[in-house]
Amino acid sequence: MSRNNRKNNQQGPVGMLLLLMLPVLFLYVTCTAQEESKKDPGIYVRENNQKTWQSKNPIIDFAGGKKADIKLGDTVATKDETIYFDLGDFTMIIYPFSSVRLVGEKKEDGGYTISPELLLGEMLVVGGPTKIILPGQTIYCDGRSYAMLDEDKYSVVASITGEMKVQPTGAPEPVNIPAGAMLELGPGGETGEVSELTQDDIDLYSKEKPTPDMPGFKMKGGKVVPDITPSDEYWNKTRVVLLQDGEETPEGQAIAKGLTQAQEQEQAQGNIQVFDKKKTVTQKNLSFGTTVSVTKKTSDVPKITSLSFGGVKASPGDTVNVTTENIDTDSKILKITGTASTSEADQWRLFIKVDDEETQLDGISSFSYELKITQDFADVPVISNITICDKAAEQFLEEGSILNREDLISSKIVISGQAVAPQNMKTYTIGFVAKDTDDNEHDLGSVTLPADLSGIDKVEVSVDNGIGWNTANGTTAWTYSYRPNDLENYSIKVRAVDVMGNTSEEQFEPYTFKYDYRTDPEMLKDTFEAFMRAFNDMDRSTLNQAISQDFSTNIEGLRDYTEFESSVNIVFDTGRRQIYYTIEQLDASRITKRGTVDFYWYEVANKSNDNFYAAFTFEYTEGQWKLQEIIDENTFLRLSRIPYEIELSLAKSSIDADGEETTEVYGTVKDSSGFIVASEIQVSFSVDTGGISPDVTETNDEGKVTVTYTSPTSPGTAVVTATSGSAVGTISVVLDPIQAPCPPDGCN
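Residues numbered from 1 in each chain as written. Predicted model: local features only at pLDDT ≥ 70, side-chain atom pairs only at ≥ 80, totals over all residues. Heavy atoms only, no water.

So, on to the overall build of the chain. Counting its secondary structure elements, the chain contains 8 helices and 46 strands. With 748 residues in all, the chain has 47% of them scored as buried. Here the contacts in the chain between residues at least 6 apart in sequence split such that 63% fall between residues at least 24 apart. Carbon and sulfur atoms form 46% of the exposed surface of the chain, whose accessible area is close to 36,700 Å². (Helix = DSSP H or I, 4+ residues; strand = E, 2+ residues; numbered from the N terminus. Buried < 20%, exposed > 50% of the residue type's maximum accessible area, 1.4 Å probe, protein only. Contact = heavy atoms within 4.5 Å. Areas by Shrake-Rupley, 256 points an atom, 1.4 Å probe, with all protein chains shown as cover.)

Nonpolar side chains in soluble globular proteins generally cluster together in the buried interior. Phe531, Phe616, Phe636 and Leu637 are the most contacted members of the largest nonpolar core, which totals 38 residues. Listing elements by their share of this core, those giving two or more residues are helix 6 (520–536), helix 8 (561–574), strand 34 (579–589), strand 35 (594–603), strand 36 (612–621) and strand 37 (624–631). Setting aside anything within four residues of it in sequence, one finds Leu637 in contact with Phe531, Phe535, Leu558, Phe564, Ser567, Val568, Val571, Phe616 and Ile630. In terms of nonpolar packing, the next biggest core, distinct from the first, is built from 32 residues, Ala340, Tyr428, Ile430 and Leu449 among them. (Core = buried A, V, L, I, M, F, W, Y, C linked by side-chain atoms within 4.5 Å.)

Turning our attention to the sheet that holds strand 38 (residues 645–650). Ordered by their spatial adjacency, 4 strands build an open sheet running 38-40-44-42, and the pairing between neighbours is antiparallel. Single-partner strands in this sheet number two, and they are strand 38 and strand 42 (691–693). Going across the sheet, the axis of each strand differs from the next one's by a mean of 30°, ignoring polarity. Of the strand pairs in this sheet, strand 40 (residues 662–670) and strand 44 (residues 704–710) are connected by 7 bridges, and their pairing is antiparallel. Bridge pairing in strand 44 places Glu664 opposite Thr708. (Pairing = 2+ DSSP bridges. Axes fitted to C-alpha atoms, helices over the stretch in contact; angles between N-to-C directions.)

Moving on: unusual backbone geometry. Gly128 connects to Pro129 through a cis peptide bond whose omega is 5°. Within the fold, Pro129 resides in strand 8 (residues 112–134). Cis geometry marks the peptide bond from Ser693 to Pro694, where omega comes out at -10°. The residue Asn385 is not glycine, and still its phi comes out positive at about 55°. With a relative accessible area of 54%, Asn385 lands in the exposed category.

Before going further, it helps to examine the packing of aromatic side chains. Evaluation of the coordinates by the stated rule reveals 21 aromatic pairs. Between the aromatic rings of Phe616 and Phe636, the centroid separation amounts to 6.4 Å while the plane-to-plane angle is 40°, which identifies the pairing as tilted. Separated by 20 residues along the polypeptide, Phe616 in strand 36 and Phe636 in the loop between strand 37 and strand 38 bring together distant segments of the chain. Considered together, Phe616 and Phe636 belong to a single accessibility category, that of buried residues. Put simply, the rings of Phe528, Phe531, Phe535, Phe572, Tyr581, Phe599, Trp601, Phe612, Phe616, Phe618 and Phe636 touch in pairs and so form one group of aromatic residues. Just above the ring of Trp469 sits the side chain of Arg495; from NZ or CZ to the centre is 3.9 Å. (Phe/Tyr/Trp six-rings, centres within 6.5 Å; stacked < 30°, edge-to-face > 60°. Lys NZ or Arg CZ within 6 Å of the ring centre and 35° of its normal.)

The next subject is the environment of Glu122. Within the secondary structure layout, Glu122 lies in strand 8. Given a relative accessible area of 1%, Glu122 falls into the buried group. When the C-alpha positions of Glu122 and Val156 are compared, they lie 9.4 Å apart, and in sequence the two are 34 residues distant. Engagement of the side chain of Glu122 in a polar contact is seen with the side chain of Tyr146, the distance being 2.4 Å. (Polar contact = N/O pair within 3.5 Å; in protein donor to acceptor, adjacent residues only side chain to side chain.)

Negative charge collects at one region of the surface, where Glu556, Glu680, Glu698, Asp701 and Glu702 lie side by side. Tracing the sequence through the fold places Glu680 in the loop between strand 40 and strand 41 (682–687). Judged by relative accessible area, Glu680 falls into the partly exposed class, the value being 46%. (Patch = residues over 30% accessible without salt bridge, like charges linked within 9 Å, V, L, I, M, F, W, Y side chains within 5 Å. Salt bridge = Lys/Arg side-chain N within 4 Å of Asp/Glu carboxyl O. Lys, Arg positive; Asp, Glu negative; His and termini not counted. Charge placed at Lys NZ, Arg CZ, Asp CG, Glu CD.)

Of all 10 residues in strand 35, 7 are buried; the element is thus mostly enclosed. Connecting the antiparallel pair strand 34 and strand 35 is a turn made up of 4 residues, with Lys593 showing a positive phi of about 60°. Taken together, the 8 bridges between strand 35 and strand 36 define a ladder with antiparallel strand orientation. When the bridges of strand 36 are listed, Gly595 appears paired with Phe618.

To continue, consider helix 2 (residues 199–207). Restricting attention to buried positions, one finds in helix 2 the residues Asp201, Ile202, Leu204 and Tyr205. In an axial view of helix 2, the angular spread of the buried residues amounts to 165°, which keeps them on one side of the axis. Facing away from the buried surface of helix 2 by more than 90 degrees, the exposed residues are Asp200 and Lys207. (Arc of directions from axis to C-beta.)

Moving on to the sheet that holds strand 21 (residues 367–372). Strand order in this open sheet of 4 strands is 16-15-18-21, and the pairing throughout is antiparallel. Every interior strand has two partners, whereas the edge strands, strand 16 (312–314) and strand 21, have only one. Taking each pair of neighbouring strands and ignoring which way they run, the sheet shows an average axis angle of 25°. With 3 bridges joining them, strand 15 (residues 303–309) and strand 16 adopt antiparallel strand pairing. Paired with Leu307 across the strands is Ala314, a residue of strand 16.

The subject of this paragraph is the pairing of strand 32 (residues 488–498). Along strand 32, 9 of the 11 residues are buried, which leaves the element largely enclosed by surrounding structure. By the bridge criterion, 6 bridges tie strand 28 (residues 456–462) to strand 32 in an arrangement that is antiparallel. Considered in strand 32, the bridge of Glu460 is made with Arg495. Note that strand 32 and strand 33 (residues 511–515) share 5 bridges and pair antiparallel. Residue pairing across strands places Asn489 opposite Lys514, the latter belonging to strand 33.

A word on helix 6. The terminal C-alpha atoms of helix 6 lie 25 Å apart, and with 17 residues this matches the ideal 24 Å at 1.5 Å per residue to within 8%. What helix 6 keeps buried is the set Asp520, Met523, Leu524, Phe528, Phe531, Met532, Ala534, Phe535 and Asn536. Two residues or fewer after helix 6 comes Met538, characterised by a positive phi angle close to 55°. (Expected span 1.5 Å × (residues − 1).)

On average, residues of the chain carry a pLDDT of 81, and 81% of them reach 70 or more. The model gives residues 1–40 a pLDDT under 50, and that stretch makes 79 contacts with residues more than four places away or in other chains. In the model, residues 254–296 has pLDDT below 50 throughout and makes 85 contacts with residues more than four positions away in sequence or in other chains. (pLDDT = per-residue confidence, 0-100.)

Further remarks concern the pattern of salt bridges. Following the criterion strictly, the structure yields 18 salt bridges and no others. In this structure, Arg590 engages Asp407 in a salt bridge whose closest nitrogen and oxygen atoms are separated by 3.2 Å. With Arg590 in the loop between strand 34 and strand 35 and Asp407 in the loop between strand 24 (402–403) and strand 25 (413–420), this pair connects stretches of sequence that are 183 residues apart. Like Arg590, the residue Asp407 is buried in the burial classification. Residues joined by salt bridges that share partners form a network here, namely Lys353, Glu358, Lys435 and Glu441.

Written out as structure tokens, the structure reads:
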């Protein structure tokens with residue numbers, strides 16, 4: 001058993017002779033490798049998932065307990081040296097020009113089992129139980145076991161002593177190999193006939209053990225546990241020769257990458273080869289004995305007797321319509337199963353062609369295939385007719401939208417709508433082909449497979465602008481509900497996912513709103529009362545923010561927003577005014593965006609305590625109520641225009657009654673609360689003697705007036721009277737007599 005190519009073993013007696021020569025050949029290779037190892041042992045290690053190789057010291061004192069830096073997942077290759085591994089439960093000897101990858105599986109106790117994957121060459125395993133991984137096969141052995149893998153992925157395994165089982169990939173039962181027997185294997189899980197080993201083979205491998213000058217390795221750690229997946233790499237002796245410190249040569253890199261057949265032809269360099277797992281053996285009989293060619297008859301060609309596509313039965317030539325109900329939507333796989341009949345099942349291989357891509361099936365009498373369903377440029381689902389609490393969702397694209405408890409359905413915000421999945425179709429052509437041992441191809445027919453990939457899998461709703469998603473109830477018609485938190489802002493987005501995983505486009509702008517537990521009238525009442533508090537507290541900022549930019553009224557001095565702001569400033573600058581009010585009626589609706597408050601008010605300091613009627617009209621804009629119009633002739637929002645009293649004062653309390661001297665008369669007009677009245681309030685003046693000018697004037701911005709009194713020629717007292725509406729004010733001026741002129745000699 002050596003690295004001979006056993007793929008086309010049609011040698012007859014010569015093949016048997018070569019088999020007898022294998023032990024001698026092995027001894028020659030081993031001895032030669034040990035002699036050359038002193039010059040160029042060439043032992044290399046590559047870590048898991050790495051491309052760089054590192055050279056290892058070939059001479060390690062194994063008896064001294066030294067450990068090389070070898071871990072699970074590493075790949076070890078040797079040129080001319082035979083190396084020895086102590087792996088605890090078993091010992092492994094790797095012969096020259098061989099490569100092995102160390103893989104592991106975690107055990108329940110936290111430890112690891114180690115399994116060698118032979119990539120090229122020869123190895124001997126002593127002890128166990130363990131398993132050896134080969135292309136298309138897993139070998140379970142306990143005792144002393146041999147394995148060889150050539151450059152074309154054909155292999156030989158043998159049980160020297162102990163037990164061995166060979167489990168081909170996908171085979172229902174393993175093949176038992178007794179002690180002293182061997183079995184030839186193909187790369188696709190093919191097995192030949194079990195045959196006996198020669199006594200020379202048994203004697204040779206029974207005595208094989210590490211020698212004092214053979215490098216020995218122990219495992220250093222087991223933290224890396226790669227999956228036990230057959231390697232995609234192709235190995236040959238050329239590649240081993242190419243190994244060196246650092247990166248591999250371009251030739252070695254090409255082998256490592258596993259080029260396709262087309263790339264291999266374009267980039268071929270020397271004898272670099274690429275192993276293609278899709279290729280199959282051309283000779284089913286793998287025994288070392290003589291192979292007999294058999295001419296196939298038409299009657300022997302397999303016939304498809306049954307087919308099923310995701311549970312839909314069919315025959316070659318049919319058109320089979322399938323939907324997503326026939327597809328595993330998690331894995332996106334349509335399972336194809338069937339049976340075929342032939343009188344010589346072992347002489348045939350069955351293939352399935354999916355759109356001209358060919359794959360060998362796992363059997364003839366019964367077979368299965370998993371068709372991976374893919375989509376190119378699929379149309380995505382569409383979300384439509386979204387409502388939020390019985391309101392069209394588009395209403396909530398405006399900033400400042402509000403929902404309150406009257407909008408809720410069963411105390412919840414309910415979002416509903418529809419989802420439509422466009423019809424996504426993909427059609428496959430599924431053909432079946434049988435090939436005999438001479439690789440002659442026979443068409444067994446085909447099936448046209450239109451697949452309707454439409455259908456909504458789920459609808460998801462986000463209430464926080466796409467940060468978190470919740471699955472709605474239903475698909476084509478769906479709803480989602482939740483209990484809101486008071487004064488919480490929500491940003492609603494919706495998306496649909498079809499059964500193939502395609503997701504609809506979300507709205508670029510979310511539907512936004514704020515939840516307020518208060519009803520519309522409650523919200524307006526709070527706004528109105530906040531407005532009144534702001535007035536009593538002389539809070540200019542809050543008042544100005546509560547006024548609509550469209551504010552208007554026919555009240556003089558309050559015709560627009562600017563005049564309102566100016567009037568309030570004047571009121572606040574003249575003193576503090578406390579208003580008491582009682583609400584008579586309040587109505588509000590965000591649907592009409594209108595609200596009114598009818599109320600009575602009076603100033604707390606009002607001497608007459610008269611009640612004045614007023615009506616405020618509000619508009620709902622930008623998510624809040626704002627004052628738009630005032631009906632209140634006696635409005636407290638500007639200085640009063642109803643005089644209640646007039647306070648008069650004089651620049652000079654007495655003047656000469658000479659008919660010429662004057663004094664200024666000052667008047668301050670106040671309302672019933674003692675505050676000055678507005679400007680342009682008319683005030684009339686009169687006197688009982690003397691003159692007054694002007695006799696009619698108007699108040700300025702401070703509620704004041706000024707006139708001039710001129711004395712008469714008669715001494716005495718003059719009474720000045722000011723009148724404005726029902727308000728009257730009086731003041732007296734003393735008129736001093738005129739003394740006669742003094743004589744020239746002076747007055748006494």
